[in-house]
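Spelled out, the chains give:
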Amino acid sequence: MMRGSNTLIGAVNFVTFLISIPILGGGIWLSAKANSTDCLRFLQWPLIVIGIAIMVISLMGFAGACYRLTWLLRIYLFVMFFVVVALLSFVVFAYAVTDRGHGQVVMDRAFLEYQLSDYSGWLKDRVSDPGYWAKISACLRDSRVCPKMARYVRDSTTGLLVPEPANLFSQRHLSPIESGCCKPPTSCQFTYVNETYWTAQPGTAQPGTVVNDIDCTRWSNEQHSLCYQCGSCKAGVLASIRHNWRKVSVINIVVLVILVIVYVIGCAAFRNAKRIDNDEPFGESRMSKARPSRFQF
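The paragraphs below set out a description of the structure included in this document. (Residues numbered from 1 in each chain as written. Predicted model: local features only at pLDDT ≥ 70, side-chain atom pairs only at ≥ 80, totals over all residues. Heavy atoms only, no water.)

Brief notes about the state of the cysteines
Right, so step 1: On inspection of all chains with the given rule, the structure shows four disulfides.
Right, so step 2: The disulfide partner of Cys 188 is Cys 216, and the gap between their sulfur atoms is 1.9 Å. Around the S-S axis, the bridge from Cys 188 to Cys 216 shows a dihedral of about -100 degrees and counts as left-handed. Of this pair, Cys 188 sits in the loop between helix 7 (176–181) and strand 5 (191–194) while Cys 216 sits in helix 8 (residues 215–218), and the two are 28 residues apart along the sequence.
Right, so step 3: Judged by relative accessible area, Cys 188 falls into the buried class, the value being 11%.
Right, so step 4: Through a disulfide, Cys 227 is tied to Cys 230; the S-S separation comes to 1.8 Å. Disulfide Cys 227-Cys 230: the torsion about the S-S bond is -90 degrees, which places it as left-handed. No difference in accessibility class separates Cys 227 from Cys 230, as the two residues are buried. (Disulfide = S-S within 2.5 Å. Helix = DSSP H or I, 4+ residues; strand = E, 2+ residues; numbered from the N terminus. Buried < 20%, exposed > 50% of the residue type's maximum accessible area, 1.4 Å probe, protein only.)

A few points about the packing of aromatic side chains
Right, so step 1: Tallied over the entire structure, the rule returns seven aromatic pairs.
Right, so step 2: The interplanar angle of 25 degrees and the centroid separation of 5.1 Å between the aromatic rings of Phe 169 and Tyr 192 together place this pair among those described as stacked. With a gap of 23 residues between them, Phe 169 in helix 6 (residues 166–169) and Tyr 192 in strand 5 connect regions that are remote in the sequence.
Right, so step 3: On the accessibility criterion, Tyr 192 (14% relative accessible area) is buried.
Right, so step 4: Their ring planes at 80 degrees and their centres at 5.3 Å tell us that Tyr 192 and Trp 198 sit as a pair that is edge-to-face. Like Tyr 192, the residue Trp 198 is buried in the burial classification.
Right, so step 5: Taken together through their ring pairs, the aromatic side chains of Phe 111, Phe 169, Tyr 192 and Trp 198 make up a single cluster.
Right, so step 6: Positioned over the ring face of Tyr 132 is Arg 126, at 4.2 Å from the centre of the ring. (Phe/Tyr/Trp six-rings, centres within 6.5 Å; stacked < 30°, edge-to-face > 60°. Lys NZ or Arg CZ within 6 Å of the ring centre and 35° of its normal.)

This is how it looks when you write it as structure tokens:
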């Protein structure tokens, strides 16, 4: 069993090297999302660093096991322990900061709506910080998420293209950022003109609706403003981050389990390499010298 541990750790580390690619890919994917929609550019870097570290450590373990380099295996096990702890901490942190918050169902709407009061914790405070939100909102404008929502249908009378009607818009499955940043909250009861242009109609309040939402006063039909300063927009960004991070966390948990298994096998390989260096025989107890060679009476 011990003779095969070096070969096993080499093979497993090669597989781990391949598995580290999704971790690095997940970090790059989050980075791409940060540059295009989420606009939160600091959360993906720990994942990218961990992915690169796992790649390097896997190669280190592979070389140490194949060439029976005890010193390299010692470094490998030492570094691997901290990588496992770092990845475990990262997974726990990701779930902790994205634990609360969800979209709210609105009657006769296919999309969800988001309120900042549904979220709490460090990530909410980070996103809500005025200085940091100024950067996020500028990124959202530059990404042109809202203008890309435009859809047109052909008018049956004139044959011209016109914005899709309100009944079709209400059945669209909007992303959290589209729902929170590109339109006013439904509770404002504004009249739909197109996806990013709504008009207020006083005196049309519907029974049972909430009309004291402060975001109603923050809404602007100016295309560079819209609802970028609304709490619903911040909530939409948080919901988008939560959705993306939960996807990546599933991969991280699977890789974490594999890394723990690899670490255990690495410990066995290290013991195997030490026995070879010390010319210790396999299958013989270390206490064999203490056993009497014959019975004495």
